[in-house]
Amino acid sequence: MRGGRKRVLVTGGAGFIGSHLCEQLLARKCEVLCVDNMYTGNRDNLRDIANHPYFSFIRHDVTFPLFVEVDEIFNLAAPASPIHYQFDPVQTTKTSVIGSINMLGLAKRTKSKILQTSTSEVYGDPQIHPQTEEYWGNVNCIGPRSCYDEGKRCAETLFFDYRRQYNMPIKVVRIFNTYGPRMHPNDGRVVSNFIMQALRGEPITVFGEGQQTRSFCYVDDLVDALQRMMDTEHDVTGPINVGNPGEFTIKQLAELVIEMVGSKSKIEYRPLPQDDPKQRKPDISKAKQFLDWQPKTQLREGLVKTIDYFRNL
Ligand code: NAD
Ligand code: UDP
């Protein structure tokens with residue numbers, strides 16, 4: 001602690017979720033160190049905080065060791081959209097696995113609390129619905145999504161082995177689809193894709209028949225949950241699901257975006273990508289119990305802010 005301020009490291013802090021987290025941590029009077037290799041990050045995401053006296057940025061790849069002095073670590077570094085994580089799959093696995101080893105080593109040396117942003121993808125194409133943390137998942141370990149899914153699963157293994165071996169204060173959060181301002185406009189994720197297509201009057205590309213489901217959490221709610229998780233006692237490790245249990249088909253989302261943008265775009269059906277999960281919805285009983293948390297933002301409300309962001313890009 002310096003001057004009473006906690007020193008908090010955010011890896012992947014120049015990305016979509018990371019930049020919102022950095023802002024909220026500064027608002028909570030933390031000193032924030034953002035580490036990012038800018039693979040999918042963007043300096044514009046940090047525009048409002050770049051000159052904050054308690055904010056610093058290091059361009060660094062977490063697959064290499066990092067020597068800094070901190071009190072808490074939020075480990076977000078990892079490309080998160082299928083287009084980006086499949087572009088360089090070997091680097092994707094390295095980022096989750098070697099990156100976690102490096103950040104856990106840093107946490108061990110500095111005796112920091114460390115939080116891993118895991119993902120609903122650890123459940124793969126789930127056979128139980130909604131997904132609870134006890135479910136072990138249904139992941140294809142050699143498919144195109146596996147660099148991300150298995151990388152994140154191995155990261156969870158590492159976090160729990162560091163806990164068992166060294167009794168470290170670890171926290172694992174499984175994030176379900178999150179959206180909001182500062183999503184990358186070209187990262188192919190469904191919310192950003194549909195909004196950009198609707199704003200440009202282009203066809204809305206629904207994959208498959210659009211009957212697959214997702215649950216969409218607004219970024220402010222998610223960032224609140226991450227901070228609550230970091231603040232839990234030593235015995236709370238997770239994994240804890242964090243997401244909005246409201247479940248929508250992709251076709252419903254397409255129709256909602258067209259209506260809200262007031263667009264003339266038409267839906268166009270495209271082939272479903274391999275291993276695309278058919279349904280996804282978090283059971284958030286644990287988040288309610290341990291974090292006293294549940295999402296506050298309804299999909300329409302979050303979409304208004306997100307559409308506004310993309311309109312003004
Ligand atoms: P994002 O791509 O916007 O942010 C990831 C950040 O990590 C980027 O700034 C990128 O440059 C950085 N990064 C990637 N590899 C790195 C490396 N080797 N070293 C240093 N920095 C690196 O994605 P996001 O949506 O903000 O996701 C943040 C985290 O949350 C990720 O770990 C992701 O897996 C997890 N998550 C996100 C979602 C979601 O819906 N957005 C869902 C589940 C999990
Ligand atoms: N999707 C779609 N059209 C798009 C982009 C995505 O129909 O232009 C579908 C995709 O096949 C998946 C869902 O939307 O079923 C969510 O995709 P996203 O890449 O956002 O996240 P994830 O599959 O990782 O949940």
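Residues numbered from 1 in each chain as written. Chains lettered and ligands numbered in written order. Predicted model: local features only at pLDDT ≥ 70, side-chain atom pairs only at ≥ 80, totals over all residues. Heavy atoms only, no water.

Q: Teacher, can you tell me more about the site of ligand 2 here?
A: In the neighbourhood of ligand 2, 18 residues make up the surrounding shell, with V190, T205, R214, D276 and R280 lying closest. Between N177 and ligand 2, the recorded distance is 2.9 Å, taken from a side-chain N or O atom to an oxygen atom. In this structure, R280 approaches ligand 2 through a side-chain N or O atom, which is 2.6 Å from an oxygen atom. Considered on its own, ligand 2 offers 520 Å² of accessible surface; in the complex 95% of this is hidden by protein. Those elements that place two or more of their residues in the shell around ligand 2 are α5 (190-200) and β8 (204-207). When the residues that make up the shell around ligand 2 are grouped by side-chain class, the tally is 7 nonpolar, 5 polar and 6 charged. (Near = heavy atom within 4 Å. Polar contact = N/O pair within 3.5 Å; in protein donor to acceptor, adjacent residues only side chain to side chain. Areas by Shrake-Rupley, 256 points an atom, 1.4 Å probe, with all protein chains shown as cover. Helix = DSSP H or I, 4+ residues; strand = E, 2+ residues; numbered from the N terminus. Nonpolar A, V, L, I, M, F, W, Y, C, P; charged D, E, K, R; others polar.)

Q: Would you take a moment to explain the site of ligand 1 for this structure?
A: In the region of ligand 1, 30 residues are neighbours, and D36, T40, L76, Y148 and K152 sit closest. Taking V62, its main chain carries an N or O atom lying 3.0 Å from a nitrogen atom of ligand 1. Here an oxygen atom of ligand 1 sits 2.8 Å away from a polar atom, N or O, in the main chain of L76. In the complex, the protein chains occlude 96% of the 820 Å² of accessible area that ligand 1 would expose alone. Of all elements in the fold, only α1 (16-27), α3 (89-110), β5 (113-119) and α4 (146-166) reach the threshold of two or more residues within the shell around ligand 1. Looking at the shell around ligand 1 element by element, the count peaks at 3 residues for β5. Here the residues of the shell around ligand 1 sort into 13 nonpolar, 13 polar and 4 charged.

Q: What's the story with the sheet that holds strand β11 (residues 240-242) in this structure? I'm lost.
A: Sheet strands line up and pair through hydrogen bonds in the backbone, either parallel or antiparallel. Reading across the sheet, the 7 strands line up as β3-β2-β1-β4-β5-β6-β11 and stay open at both edges, with parallel pairing between neighbours. Looking along the sheet, the strands with just one partner apiece sit at the ends: β3 (55-59) and β11. Direction aside, neighbouring strands of the sheet carry axes that sit 20 degrees apart on average. As judged from the 5 bridges shared by strand β2 (residues 31-36) and β3, these two strands associate in the parallel manner. Across the sheet, D36 pairs through a bridge with R59, a residue of β3. On top of the sheet, helix α6 (residues 219-230) reaches β4 (72-75), β5, β6 (170-175) and β11; it is set at about 160 degrees to β6, its chief contact. (Pairing = 2+ DSSP bridges. Axes fitted to C-alpha atoms, helices over the stretch in contact; angles between N-to-C directions. Contact = heavy atoms within 4.5 Å.)

Q: What is the right way to read the pattern of salt bridges from this model?
A: If charged atoms from side chains of opposite charge come close, those side chains can pair. Following the criterion strictly, the structure yields 19 salt bridges and no others. Between E134 and K286 there is a salt bridge whose closest N-O contact spans 2.5 Å. Separated by 152 residues along the polypeptide, E134 in the loop between β5 and α4 and K286 in helix α8 (residues 285-291) bring together distant segments of the chain. If you follow the salt bridges from partner to partner, you end up with E121, R145 and R280 in one network. (Salt bridge = Lys/Arg side-chain N within 4 Å of Asp/Glu carboxyl O.)

Q: Mind showing me how you'd approach the state of the cysteines here?
A: Disulfides are covalent bonds that link the sulfur atoms of two cysteine residues. Throughout the structure, instances matching the rule amount to 0 disulfides. C147 provides the cysteine sulfur closest to C141, a residue in no disulfide bond, and the two sulfurs are 12 Å apart. In this structure C154 is a free cysteine whose sulfur lies 13 Å from that of C141, the closest cysteine sulfur available. (Disulfide = S-S within 2.5 Å.)

Q: Help me out: how do you make sense of the environment of S120 in this one?
A: With respect to the helices and strands, S120 occurs in the loop between β5 and α4. In this structure the C-alpha to C-alpha distance between S120 and E133, which are 13 residues apart in sequence, comes to 9.6 Å. Residues within four places of S120 in sequence aside, it is in contact with R174, I175, F176, N177 and R280.

Q: Just to check I follow, could you spell out the packing of α5 against helix α9 (residues 299-311) for this structure?
A: Between two packed helices, what matters for the description is the angle formed by their axes and the separation of those axes. Axis separation between α5 and α9 bottoms out at 10 Å; the angle between their running directions is 60 degrees. As judged from the angle between their axes, α5 and α9 are oblique. The handedness of the crossing between α5 and α9 comes out as right-handed. Here V191, S192, I195, M196 and L199 of α5 lie close against α9, whose contacting residues are L303, T306, I307, F310 and R311. Of the residues assigned to the contact of α5 with α9, the class counts are 7 nonpolar, 2 polar and 1 charged. (Parallel < 35°, antiparallel > 145°, perpendicular 65-115°, else oblique. Left-handed = near helix turned anticlockwise from the far one by under 90°.)

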